Amino acid sequence: MKFRRKQTEELELNLTPLIDVVFLLLIFFMVSTTFQKESEISLQLPKASDDPVDVPTEQYEVVINAAGSFFINDTELIRDDIETLRQALFDLTDGQRDIPITIRADAQTPHQAVVTAMDAAAQLGLSRMSIATSHSP
């Protein structure tokens, strides 16, 4: 018995249709996928009313300009540190703790300057503080 080897054709696998199907699946999943930001924080911001408020006759205003310089009732302080601000507020209020203080800061003011003004007032026991804002139309 003589076994003869048959000459067989070499099998070739055509990958073109497979690649087409993979690309179609990729496009399908890209189009049908929705992206949601899971890390967003939901906030309810406080609202301010436009109703006029009774303003006490005796109140003081601390103004902070864009450079971080302090003004108390339109008088500029010599230095921009907490000790100078605290002493100026103490001299102005004569140690009274129930006098309202309004902090008015420029939009470009460093945040640290506003915190310094609030801290100086709190160290003197001035708890009636408000921050003035502009009303946008």
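Here, every reference points to the structure presented above.
First, a word on what this report is: a plain description of the structure on this page.

Analysis parameters
- Residues numbered from 1 in each chain as written.
- Predicted model: local features only at pLDDT ≥ 70, side-chain atom pairs only at ≥ 80, totals over all residues.
- Heavy atoms only, no water.
- Pairing = 2+ DSSP bridges.
- Helix = DSSP H or I, 4+ residues; strand = E, 2+ residues; numbered from the N terminus.
- Right-handed = clockwise from strand over helix to strand, strands pointing away.
- Expected span 1.5 Å × (residues − 1).
- Buried < 20%, exposed > 50% of the residue type's maximum accessible area, 1.4 Å probe, protein only.
- Arc of directions from axis to C-beta.
- Contact = heavy atoms within 4.5 Å.

1. Some remarks on the pairing of strand β5 (residues 129–132)
Look at any regular strand and the pattern is simple: side chains alternate between the two faces of the sheet. Summarising the sheet, strand β4 (residues 101–105) and β5 pair through 4 bridges and their orientation is parallel. Among the inter-strand pairings, Ile101 is bridged to a residue of β5, identified as Met129. With helix α3 (residues 111–123) bridging β4 and the parallel β5, this β-α-β connection has right-handed handedness.

2. Section: helix α2 (residues 82–93)
With 12 residues, α2 extends 16 Å between its outermost C-alpha atoms, agreeing within 8% with the 16 Å of an ideal straight helix rising 1.5 Å per residue. All of the buried residues in α2 are Ile82, Thr84, Leu85, Ala88, Leu89 and Thr93. The buried residues of α2 occupy one face: seen down the axis, they fall within an arc of 165°. Close packing links the buried residues of α2 with β1 (60–64), β2 (70–72), β4 and α3. Among the residues trailing α2, Asp94 stands out with phi positive, at a value near 55°.

Nothing here speaks to function; it is all geometry.
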